[in-house]
Structure formats: C-alpha cells, structure tokens
Amino acid sequence: MSSPTTYHPDLLAPYLALPQGDKVQAEYVWIDGDGGLRSKTTTVTKKVTDIGQLRIWDFDGSSTNQAPGHDSDVYLRPAAIFKDPFRGGDNILVLAETYNSDGTPNKTNFRHHAAKVMELAKAEVPWFGIEQEYTLFDQDGSPFGWPKGGFPGPQGPYYCGAGAGKVFGRDLIEAHYRACLYSGVNISGINAEVMPSQWEFQVGPCEGISMGDHLWMARYLLIRIAEQWGVKVSFHPKPLQGDWNGAGCHTNYSTKAMREPGGMKVMEAAIEKLSKRHNEHIAVYGEDNDLRLTGRHETGHIGAFSSGVANRGASIRIPRHVAAQGYGYLEDRRPASNIDAYRVTAIIVETTILDK
Ligand code: ADP
Ligand code: MN
Ligand code: MN
Ligand code: MN
Ligand code: MN
C-alpha cells in the first residue's frame, strides 16, 4: 500500500537519470517563522559558479508565519551554496536569508546580525563545532523502532551501540552522513545517543558565520532524507519525559589564541566572561531548555553557571585532552537541540571577544 508520503526510488530513478541540458535546478532553503525549514526550486540557465549569479527571489510569507497577508512578499537573498545530493549533477541547494519588503531582516533571520558580529571578530578567527542531537519518530508519534505502546529497556546499551535491538535507523543515518559529505557540509562525525532512537552528528570546526550555514543545511538534509524513510525528526530538547536523556547542541568554541600554546589562560578569561552573562545566553539557547537542563542526565542546572575539566555536569567543559595539552577549545554544553546556531555563535563571540 502506498501512502502519500511513500517514496518510490525505483519509479523516480529513470527520470532523475534523464539529461537536463545546460539547465540547473536551484533549491532555495530558508528558515520559516517558527524555526522550521522550507524550500522551493527555480531553474537557472547555466551552471552556478558564484553566489552572485543567483537571483534574489521571494515567497509568500503569510503562509510561513513570516509576513501579514496584506504585505506578504518576503525576499530570499542567497547566502551559501551546497551541492544537491537528491538531484545530483550540477544541481544545488541555496541557503537563503529572509528579508521583509522594506529591506529589514525578517524576524527569524538571525544570520544578518551574526554576520556583522563575525566580521567584527574575524581577526580572532573564531571556530565552532556543534554536536547536533536529535530524535527519530514514527509517523504515529511514537519513537522510531520502540515497541508499540511500550518501552525499550532502560538506557545503557544504546550509546554508540552496535547490534540488533541496540540501534534504530542506522541506514537513514548513514545516508545522511554521506549526503552531507557530498554536499560540502563540514560534517565531522556521528554517534548513536544514550536514548534509543536518538542520534548525534557533529559539524565543524567551521569558522565564523559558516557554522550556522553548515548546521542549518545539515538539518535540512536530515529532514529531507528522513522524509524518504517516512520518519519524523524531532529537535525538541526533551522529547520524552522520564528517565530518558534530553537532546542538546553542545557548542565547541575556540579562537586563534586559544588554539596556541598559552591558550588555557585565554579560555579561562573567556569562561569568566561567560559566567557573567549566563542568563543572556540561556535566553537564546533554545525553547524548553529548562526541561533538559535539570542538573541530571549529563547536564548542568539551567539556574547556575558552572565550569570544569572533563565535567559533563557543567555549563562549560574543557575536554581532558585540551587541559592536558594546555590549549585547544572549550565546550558550551548549555545550548538545546533546537537552537538557531546563528544566535548561539553570535552571542558567544559578543561575550568573549566583543565584550558586550
Ligand atoms: P564530545 O566528546 O563532547 O561528544 P564530539 O567529538 O562529539 O565531542 O564533538 C567535538 C566537536 O568539537 C566537533 O564538532 C569538532 O568539530 C569540534 N572541534 C574540534 N576542535 C575544535 C576547535 N579547535 N574549535 C572549535 N571546535 C572544535
Ligand atoms: Mn504561486
Ligand atoms: Mn558528542
Ligand atoms: Mn551527545
Ligand atoms: Mn559534547
């Protein structure tokens, strides 16, 4: 039986193999009014080698919670290009920023501000690496692969697990990893998480504004691929109540000075600054993060800043190997799985480099 969302790779394959002449399909991808992802396609007359060859486009913002009906045009300004793993060839994915008709950034366009911040801080060469955790669900709303109406055994065997009954959805995750590599997303690894059907991918290190670009495109690829599997991806920080781990977006961070001998001192100074703006950071570290940052399940409590070497119960952790070496990077463990990476990377730079 075919449902409307069933994917038919066998039927589709011969059409995708047809020649498309010199023309290229450009899939414009943007963040909608609720932090979800949307996309639509336009034909471009020839292969795109520079972002300047792509037009500014528009869409109906009243259908995406981004504009009122009487003034509904929202503009898409191309910001980054990736290869399209679904259509292959010279076809591309175009991450676009959204602008209102008066030229101001749309309410969920946090890239606009972040790009300015990264420009001001570029002499410090900020690098980021984000660990995106997420959870897979069946169409019926139950966690993917869990016994219907019941629960799998308690957490323990699933983290980095191998073997039947310990991992759920590995084929989907493999497809996503390879699609990221093909597209040019700087994916650096994957692992199965503590809660069954929860996974993580890491993107980075990425310099400045590109962290947000690569993370958002990695998410887009994931939800498009999961669509083919008939699986829903949840970025909620606490998708299931009870003794199940929440989902975060640990944000690893370094500047040039932190990556060089003596870097430990620079990291300590940065942590001191971060400690003074805990609430400002928490405000942009994801919705419902209070459900996750309980001080349990490898988190620090949302109400108190803490830091430590190798401490997974702290707000900021310095990895053991970094402390031993004396330089490297720090890990901000507070951001939730549903963050906007542009907001998180921007505020980290504002606090630690621009002294806001
Ligand atoms: P964890 O031990 O917390 O699970 P992971 O291996 O999942 O760590 O993720 C580490 C992340 O740190 C990766 O995304 C990687 O790209 C990033 N990273 C490595 N070196 C740096 C650095 N110097 N600056 C910023 N991020 C870095
Ligand atoms: Mn139309
Ligand atoms: Mn990790
Ligand atoms: Mn993890
Ligand atoms: Mn981590």
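Residues numbered from 1 in each chain as written. Chains lettered and ligands numbered in written order. Predicted model: local features only at pLDDT ≥ 70, side-chain atom pairs only at ≥ 80, totals over all residues.

The protein chain goes by Glutamine synthetase in an unreviewed UniProt entry, where it is assigned to Artomyces pyxidatus.

The helix and strand inventory of the protein chain stands at eight helices and 13 strands. For the protein chain, the C-alpha radius of gyration of 21 Å lies close to 21 Å, the compact-globule estimate for 356 residues. For the protein chain, the spread of C-alpha atoms along the three principal axes comes to 55 × 50 × 40 Å. Here the contacts in the protein chain between residues at least 6 apart in sequence split such that 66% fall between residues at least 24 apart. (Helix = DSSP H or I, 4+ residues; strand = E, 2+ residues; numbered from the N terminus. Rg over C-alpha atoms; globule rule 2.2 N^0.38 Å. Contact = placed C-beta atoms within 7 Å.)

Another aspect to go through is the nonpolar core. V94, M217, A218 and L221 are the most contacted members of the largest nonpolar core, which totals 86 residues. Apart from residues lying up to four places away in sequence, V94 is in contact with A26, E27, Y28, V29, L54, P78 and I81. (Core = buried A, V, L, I, M, F, W, Y, C linked by C-beta atoms within 7 Å. Buried ≥ 20, exposed ≤ 12 C-beta atoms within 10 Å, placed from the backbone.)

This next bit is on the environment of R333. Mapped onto the secondary structure, R333 falls in the loop between β13 (330–332) and α8 (341–352). Sequence-wise, R333 and S307 are 26 residues apart; in three dimensions their C-alpha atoms are separated by 9.8 Å. With residues up to four places along the chain from it excluded, the contact list for R333 reads G248, H250, T299, G300, A314, S315, I316 and R317.

The next thing to look at is the site of ligand 1. Of all residues adjacent to ligand 1, which total 16 residues, the nearest are G129, Q202, G204, N252 and S254. Residue assignment for the shell around ligand 1 shows that the elements contributing at least two residues are β6 (127–137), β8 (198–207) and β10 (249–254). Taken together, the residues of the shell around ligand 1 break down into five nonpolar, eight polar and three charged. (Near = placed C-beta within 6 Å. Nonpolar A, V, L, I, M, F, W, Y, C, P; charged D, E, K, R; others polar.)

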